[in-house]
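Okay, here's what each chain looks like letter by letter:
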Amino acid sequence: MWSLFLRDIRLNIRAGGGALTGVIFFLAVIATIPFGVGPDLKLLARIGPAILWIGALLACLLGLDRLFQADREDGSLDLLVVGNDRHMLALTVLVKCLAHWAGSVLPLVIAAPLLGLFMNMEPLAIGATALTLLVGTPAITFIGAAGAAVAVALPRGGLLISVLVLPLTIPVLIFGVSASYGATANPDPFLQPFLILAALTLFLAVLGPVSAALALRHGTD
């Protein structure tokens, strides 16, 4: 599993800057917001956490089609499916999700504090938003794994993945933004939505890979 993790990290780096593409898209989303809402710094600071979360969510969806596509093209996906039973295949999908998150999504979390400065956010709000992104974005990857597994055999499945996954990520977005606001806006709570966000990530860490494994095995059959 460790070898698979390192292999996917290397492939992600060699594939042509998947992480860089996500960061640039994230930056483009954040940079266009002031042109839409105007130069009101107080308004930008107030909506900053929500904008960072929406930008990160869209950037995460951008690269989900690469989760299984390269393996399908070179034939290694068939070997992974045929050579593993159902439980081991789910564990394999979990490792691939972690590698995808570390290679493509973690750079977005690292870039979020810098982009928060563009929104005139306070340091506490920036730190809280970055923390919620660190905890919540793996849940998006786990949900996306199921969508990517369903669409991997379809031509131009990237758009279908976004259509399938986006509605399912709404609870993650809600609790992530609520926790970010709760860190600075009294009397809104921070701990309760943050713990629910962490629970969603842990729950989807089980459900997402299992669902993706079933979809991959059904698609291979």
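Since the structure is predicted, the reported quantities are computational estimates derived from the model, not experimental observations.

What counts, and at which threshold
- Residues numbered from 1 in each chain as written.
- Predicted model: local features only at pLDDT ≥ 70, side-chain atom pairs only at ≥ 80, totals over all residues.
- Heavy atoms only, no water.
- Phe/Tyr/Trp six-rings, centres within 6.5 Å; stacked < 30°, edge-to-face > 60°.
- Helix = DSSP H or I, 4+ residues; strand = E, 2+ residues; numbered from the N terminus.
- Buried < 20%, exposed > 50% of the residue type's maximum accessible area, 1.4 Å probe, protein only.
- pLDDT = per-residue confidence, 0-100.
- Axes fitted to C-alpha atoms, helices over the stretch in contact; angles between N-to-C directions.
- Parallel < 35°, antiparallel > 145°, perpendicular 65-115°, else oblique.
- Left-handed = near helix turned anticlockwise from the far one by under 90°.
- Contact = heavy atoms within 4.5 Å.
- Nonpolar A, V, L, I, M, F, W, Y, C, P; charged D, E, K, R; others polar.

### Things to note about the packing of aromatic side chains
Tallying each qualifying case throughout the model produces two aromatic pairs. With a centroid separation of 5.6 Å and an interplanar angle of 15°, the aromatic rings of tryptophan 2 and phenylalanine 5 are classed as stacked. Here phenylalanine 5 and tryptophan 2 lie together in helix H1 (residues 2-14), a separation of three residues that amounts to about one turn. Ring geometry for phenylalanine 190 against phenylalanine 194: centres 5.3 Å apart, planes inclined by 20°, an arrangement best described as stacked. Residue phenylalanine 190 is classed as partly exposed on the basis of its relative accessible area, which comes to 24%.

### Digging into the confidence of the model for the protein
Looking at the protein as a whole, the pLDDT averages 84, with 91% of positions reaching at least 70. For the protein, the element scoring lowest by mean pLDDT is helix H5 (residues 76-82), at 73; helix H9 (residues 170-182) scores highest, at 92.

### Section: the packing of helix H3 (residues 41-62) against helix H7 (residues 123-151)
At their nearest, the axes of H3 and H7 sit 11 Å apart, and the two run at 30° to each other. With respect to H7, the axis of H3 lies roughly parallel. Handedness of the crossing formed by H3 with H7: right-handed. Taking contact as the criterion, the partners of Pro49, Leu52, Trp53, Ala56, Leu57 and Cys60 in H3 are, on H7, Thr129, Thr132, Leu133, Gly136, Thr137 and Ile140. In the contact of H3 with H7, the residues fall into eight nonpolar, four polar and no charged.

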